[in-house]
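Chains, contacts and geometry: an overview
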Amino acid sequence: MLELRTYQEQLVNEASETLASGHRKIICQLPTGGGKTVCFAAITDRYTRKSAGRVFILVHRIELLKQARRSLDKFFQIPSHAIKAGTRWIPDVPAYVGMVESANRRIAKLPPIGLVIIDEAHLNTFSKIHAAFPDAMFIGFTATPISANKKKPLKELYSEIVMGPQISQLIKEGALCQNITISPREVVNRAELAIKNGEFDMEGMARTYKQTKFVKGAVEAYKKHGQHPDGSWMKTLVFNVNVDHSKMVTQAFIDAGFPAAHLDGTETPYRRSEVLRWFSETPGAILNNCAILTAGFDEPSIEMIVVNHATMSITKWLQETGRGSRPTEFKSMFKILDLGGNAITHGDWNADRDWRNLFHNPKKPRERDQVAPCKSCPHCDAIIPAGVRKCPYCGYDYPSAEEELEKDLGEFVIVTRGINVEALMAENANRKKYYTFYNLGRRIAAQLLKQIGKKGLTDERTEFALQEYYKLAQEWCKKNGKAWNRWHGEQARETLYAELMERFEWVRPEMRPHEPEPLPFKPPEPRRLPPPPEEKPRQQFELFTNTLQTLQKISSL
Ligand SMILES: [Zn+2]
C-alpha cells in the first residue's frame, strides 16, 4: 500500500468528490514533478473498489505507460494491460494503460469503460476517445489547463477543475528544485516581433534571433551566468527558435570552446539516444534543440535552461523552464536564462497561478496579470518580485518608493508602465480591430491621472504622453500589419486629447477661450462683484467634452 503525499491525497479526494457531486468530466491540475502516475493509480484504485467499471489511462510516452502500470501493480495490486503498438489481444482487466495513438485504433476492441484518465489533457486532441465512450467519466490531467487549441477551450469539454499544489509548494517539499531566473536586458526586443495566430511569427522571429549579435549574445550570456563558483560550467539545455537557429547557436558554443550538440526530430533513434547519453554523462554539456525536448524529457543533471526565443504561450514557457527542476542530491538550485523577455510577461516559473480562473475564463488570459508581477534587477538581471526593495541575489538597493516616484514624475517614464500592446491585443482579440488602438490612449490618460492628479496636467506633459502613445500605437500598427501614417497619428492625438479633457482640468490649446493681450500697465480694480467663477469656460468645456466623446464613440465603431 502506498502512502500518498498530502497534496496528492487532497487532489485524489477532491477529484473523487467532484465526480461524485455530478460532474462527468473534470480537469486535474498538477505541476510537472507532482507525481501524476501515482495519482492515476490511486484514482483507479478508488474507482474500481467502488464500482465494477473499468479504467482506461491514456499517456503519451512509453515511460509513463510503464510507470503507471508499475504503480497499479506495486501499490494497489490492480492487474492492467498495455495498449501500445503491436497490441493484438485485449483481455478483460480492471485497468488499461494505453499510448494515445495506438489506443485510438483499438477503441472498438475494448470492453466498456467507466472512467477515462487522460494525460496532457491541454493538448485537446482526444475527441475520438471522448466520442467512443459517451457514458464514461473523464479526468484530464495537465500542468497547464489552457487548451493548446485557442478555439476549443477546455471548459467546453470539461465542466470543473481541481487544483493541485503550486510549484512553490513543491519546491518547499523538496519535490522540485529552487530556481533563479535571469533576464538580461540586451536581448531581442519582443515588442518588435510580429504575431501570427496568437504566437510570434516563427520565421520572422528566427530571422531576428539568427542575427550574429544575438547568436553571439546567447554565448556571452552563458559565459556571464553559466559558471559555478568553483569555475566549472553548468550543464545546459537550450531552447532555440527553429532547427536552423539551433544549429547556429550550437556552432557558436563550439567555436567558443564549449562542449555543445544539437538535436532535432529528424535524427535516427540511435543518434538521438547517443546524444542524450553524451548529454547525461558530460559535465557542462550544452544541448541545443528547438521544441522536442519539452514535455517528458527528464534529465535530472541539468543545471541551466536557456530560453533563447520569445513565446506567447505560458504552457511552453513553463514546460521548457521546468526541464531543469528535477532535484538531485548534488543540485540545490537551477538557473533559467531568459533571452526572450518571457519571465516579465508570463511570470517566473515558480510563480503561483490561479489556474481555476484561467480554466473558467480562458477568453481573457492577460497572462502577465495572472501572476504576481516581477521585475529584473538592474544590477544582476535576476527576476525578483516587483515589490522587493533589495535584490536577494546581489544586494542591490532599490531607491525608496518616494524617490522612485519622483524620478518617474521627472522623466515621465511611468505613463506607459504595465501597458503591454501584445497582452492587450490578446485580451481584446474578440473585439473590433481598432479597440486596442484606442484603448491604449485611455490607459495612458488613466495612468497620468493616477500620478499627477486632476490639476497637474500641463501642455508639456500632454506632449510627452502623446509621444509615448505614438510609440505604442506604432507598435500596434506593426503587429497588425498597418502602415503608421498621418491618419493613425491623428486618431491617436484626438483620442488622447479627448481622454485627457475628460479626466483633467485641462483644455486643448485651440479650444481655450481667447485671452486678452496683457496691458502695459495695471488697470485700476473695477469696483463690482466678479461674475460666478469660470461659468463660461466650464460650459464650453463640457460641450467640447461631450462632442468629443460622441465623435470618439463613432470613430471606435
Ligand atoms: Zn540583483
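For clarity, every value in this text was computed on a predicted model and none was experimentally measured.

Looking at the sheet that holds strand β6 (residues 137-142)
Strand order in this open sheet of 7 strands is β3-β4-β2-β5-β6-β1-β7, and the pairing throughout is parallel. Strands at the two margins of the open sheet, each flanked by one partner only, are β3 (80-83) and β7 (160-163). Looking at each pair of strands side by side, their axes are set apart by 20° on average, direction ignored. Taken together, the 4 bridges between β3 and strand β4 (residues 95-99) define a ladder with parallel strand orientation. When the bridges of β4 are listed, Ser 80 appears paired with Ala 95.

Remarks on the nonpolar core
By size, the foremost hydrophobic cluster in this structure holds 91 residues, and its most contacted members are Phe 56, Leu 115, Val 116, Phe 133, Phe 141 and Leu 237. The greatest single-element share of this core, amounting to 7 residues, is contributed by helix α2 (residues 36-50). Domain assignment of the residues forming this core places at least three in each of domain 1 (6-165) and domain 2 (171-398). Leaving out residues up to four positions away in the same chain, Phe 56 has contacts with Ile 83, Tyr 96, Gly 98, Ala 103, Leu 110, Ile 113, Leu 115, Val 116, Ile 117 and Phe 133. Counting residues in hydrophobic clusters, the runner-up holds 29 residues, among them Leu 424, Tyr 469, Leu 472 and Met 501.

Structural notes on the pattern of salt bridges
Under the defined criterion, the tally for this structure stands at 25 salt bridges. Here Arg 356 and Glu 160 are joined by a salt bridge, their closest N and O atoms 3.5 Å apart. Linking Arg 356 in helix α13 (residues 355-360) with Glu 160 in strand β7, this pair joins segments that are 196 residues apart in sequence. Look at Arg 356 and you get partly exposed, because its relative accessible area is 31%. Of the residues examined, Glu 160 reaches a relative accessible area of 18% and is grouped as buried. Of the charged contacts, one joins Arg 326 and Asp 298 as a salt bridge, the two residues approaching to 2.4 Å between their closest N and O atoms. Of this pair, Arg 326 sits in the loop between α11 (314-322) and β15 (333-338) while Asp 298 sits in the loop between β13 (286-289) and β14 (304-307), placing them 28 residues apart in sequence. For Asp 298, a relative accessible area of 41% gives the class partly exposed.

Considerations on the coordination of the zinc ion
Those protein atoms acting as donors to the zinc ion are Cys 377 (SG), Cys 380 (SG), Cys 391 (SG) and Cys 394 (SG), and they sit at 2.2 to 2.4 Å. Viewed at the metal, the 4 donor atoms of the zinc ion are separated by angles of 103 to 113°, and the geometry they form is tetrahedral. Cys 391 gets classed as buried once you look at its relative accessible area, which sits at 3%. Judged by its relative accessible area of 30%, Cys 394 falls in the partly exposed class.

Quick word on the packing of aromatic side chains
All chains considered together, the criterion is met by 19 aromatic pairs. Ring centres of Tyr 222 and Phe 258 lie 5.1 Å apart, and the angle between their planes is 85°; this geometry places the pair in the edge-to-face category. Taken as a pair, Tyr 222 in helix α8 (residues 212-225) and Phe 258 in the loop between α9 (243-255) and β12 (260-262) lie far apart in primary sequence, 36 residues in all. Through pairs of rings, three or more aromatic residues link up here, namely Tyr 434, Phe 437, Tyr 438, Tyr 469, Trp 476 and Trp 487. One residue, Lys 25, lies across the ring of Phe 138, its end atom 4.5 Å from the ring centre. For Lys 375, the ring lying beneath its charged end belongs to Tyr 398, and the centroid distance is 3.6 Å.

Notes on the sheet that holds β12
Ordered in space as β8-β15-β14-β11-β13-β12, the 6 strands form an open sheet in which the pairing is parallel. Unpaired on one side and paired on the other, β8 (178-182) and β12 mark the two borders of the sheet. Looking at each pair of strands side by side, their axes are set apart by 20° on average, direction ignored. In the sheet, β14 pairs with β15 via 4 bridges, with the strands oriented parallel. Its bridge partner lying in β15, Met 304 is registered against Lys 335. Those strands touched by α9 are β11 (236-239), β12 and β13, and its axis lies near 165° from that of β12. Helix-sheet contacts for helix α10 (residues 269-281) involve β11, β12 and β13, and the interaxial angle to β13 is about 140°.

Remarks on a positive patch on the surface
Positive charge collects at one region of the surface, where Lys 66, Arg 69, Arg 70, Lys 74 and Lys 84 lie side by side. Here Lys 66 shows up in helix α3 (residues 62-76).

The rules behind these values
- Residues numbered from 1 in each chain as written.
- Predicted model: local features only at pLDDT ≥ 70, side-chain atom pairs only at ≥ 80, totals over all residues.
- Heavy atoms only, no water.
- Pairing = 2+ DSSP bridges.
- Helix = DSSP H or I, 4+ residues; strand = E, 2+ residues; numbered from the N terminus.
- Axes fitted to C-alpha atoms, helices over the stretch in contact; angles between N-to-C directions.
- Core = buried A, V, L, I, M, F, W, Y, C linked by side-chain atoms within 4.5 Å.
- Buried < 20%, exposed > 50% of the residue type's maximum accessible area, 1.4 Å probe, protein only.
- Domains from an automatic or database assignment.
- Contact = heavy atoms within 4.5 Å.
- Salt bridge = Lys/Arg side-chain N within 4 Å of Asp/Glu carboxyl O.
- Donors = N, O, S within 2.8 Å, 3.2 Å for Na, K, Ca; no water.
- Tetrahedral: all angles 85-135°; square planar, octahedral: opposite > 155°, others 65-115°.
- Phe/Tyr/Trp six-rings, centres within 6.5 Å; stacked < 30°, edge-to-face > 60°.
- Lys NZ or Arg CZ within 6 Å of the ring centre and 35° of its normal.
- Patch = residues over 30% accessible without salt bridge, like charges linked within 9 Å, V, L, I, M, F, W, Y side chains within 5 Å.
- Areas by Shrake-Rupley, 256 points an atom, 1.4 Å probe, with all protein chains shown as cover.
- Lys, Arg positive; Asp, Glu negative; His and termini not counted.
- Charge placed at Lys NZ, Arg CZ, Asp CG, Glu CD.

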